[in-house]
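Listed here are the chains, written in short residue letters.
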Amino acid sequence: MKFIIGIGGVTNGGKTTLTSRLLKTLPNCCVVHQDDFFKKPDQIEVGEDGFRQWDVISAMDMEAMVNTVKGWQENPVKFARSHGVSLSPEVEESDSGDKGIHILIIEGFLIYNYKPLTDVYDKCYYIAIPREECKRRRSTRTYTVPDPPGLFEGHVWPMYLKHRKEMESNCDRIEYLDGMTSKEMIYNRVYESIQNSLLNQS
């Protein structure tokens, strides 16, 4: 059985923390990070707001991302092995991946804003935090390309609001999570919800 989980959310909302924890506890679980598909800085255009447009879908090679997901769908066992994911004994014995459960987590900030991806999810989660908290968390992070002054107000947050609106009309199966509650609570809620879905499907 194949099962695909989307973990979306605002920048610095806690997506990666949740994903890392689920990877450790869910069986035969692989991950695709949207951040791995950013184009090179010189391919990112400068928008009318005067900033390089990192927070938009065109900043990413979404085709490559979809192909990566398809690679997993075609052969989750091969995908897991090539990504160094250890598999359960029952799955190890079957090369085709017919046995057991195979889980893929797709994690990123715009994973519900691209139609070819929206249709693959079995479960969709989205972590939201208020603007001030988002700004605070973002200011404590070190990025490869540092944020220029005014980027948060001028680009990051306005784009987040725009995309969130778009996403809500794109995907109606999203379960919203409050990023202000403890990491433990968020994890428990998501883990239980996934387990229930898996039971219903098996």
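Keep in mind that this is a model prediction, so the values were computed, not measured. Residue numbers here run from 1 along each chain, matching the order of that chain's written sequence. Where local features are concerned, this predicted model is filtered to residues with pLDDT of at least 70; where side-chain atom pairs are given and counted, the filter is 80 or more; whole-chain, interface and lining totals use all residues. Derived side-chain values reflect all non-hydrogen atoms in the structure, with water molecules and hydrogen atoms excluded from consideration.

**A word on the overall build of the protein chain**
- The secondary structure content of the protein chain amounts to 8 helices and 5 strands.
- Counting from the N terminus, the helices are the DSSP runs of H or I reaching at least four residues and the strands are the DSSP runs of E reaching at least two. Of the regular secondary structure in the protein chain, the N- to C-terminal order runs β-α-β-α-α-α-β-α-β-α-α-β-α.
- It is over C-alpha atoms that the radius of gyration is taken, and the globule rule equals 2.2 Å times the number of residues to the power 0.38. For the protein chain, whose C-alpha radius of gyration is 17 Å, the value lies close to the compact-globule estimate of 17 Å for 202 residues.
- Seen through its principal axes, the protein chain has C-alpha atoms that stretch 55 × 35 × 30 Å.

**What about the packing of helix α1 (residues 15–25) against helix α8 (residues 183–201)?**
- Where α1 meets α8, the axes come as close as 10 Å, and the angle between the chain directions of the two elements is 50°. It follows that α1 is oblique to α8 by the angle criterion. Seen from above, α1 lies across α8 with right-handed handedness. Mapping the contact onto sequence places T17, L18, R21, L22 and T25 in α1 and K183, E184, I186, Y187, V190, Y191 and I194 in α8.
- By residue class, the composition of the contact of α1 with α8 is 7 nonpolar, 2 polar and 3 charged. Axis lines are fitted through C-alpha atoms, for helices just across the contact stretch, and the angle between N-to-C directions can take any value from 0 to 180 degrees. Convention used here: angles under 35 degrees read as roughly parallel, angles over 145 as roughly antiparallel, angles from 65 to 115 as roughly perpendicular, and any remaining angle as oblique. Less than a right angle of anticlockwise turn of the near helix away from the far helix marks a crossing as left-handed, whereas a clockwise turn marks it as right-handed. A contact between two residues is defined here by any heavy atoms of the two lying within 4.5 Å. Any residue outside Ala, Val, Leu, Ile, Met, Phe, Trp, Tyr, Cys, Pro, Asp, Glu, Lys and Arg is labelled polar, Gly included; the first ten of those are nonpolar and the last four are charged.

**Description of the environment of D172**
- Structurally, the position occupied by D172 is in the loop between α7 (151–170) and β5 (174–178).
- You can call D172 exposed: its relative accessible area is 71%.
- Sequence separation of D172 and C124 is 48 residues, and the distance between their C-alpha atoms is 9.2 Å. Residue exposure (1.4 Å probe, protein chains only): buried if accessible area is under 20% of the type maximum, exposed if over 50%, otherwise partly exposed.

**Points about the sheet that holds β5**
- By the convention used here, strands pair only if DSSP detects at least 2 bridges between them. Read from one edge to the other, the open sheet built from 5 strands follows the order β2-β3-β1-β4-β5, with strand pairing classed as parallel. Since the sheet does not close on itself, it has two edges, and those belong to β2 (29–33) and β5, each with one partner. The sheet shows a mean angle of 20° between the axes of neighbouring strands, taken without regard to direction.
- The pairing of strand β1 (residues 2–9) with strand β3 (residues 102–107) spans 6 bridges and is classified as parallel. Each residue of the ladder has a partner; that of G6, found in β3, is I106.

Bear in mind that shape data such as this cannot, by itself, settle questions of function.
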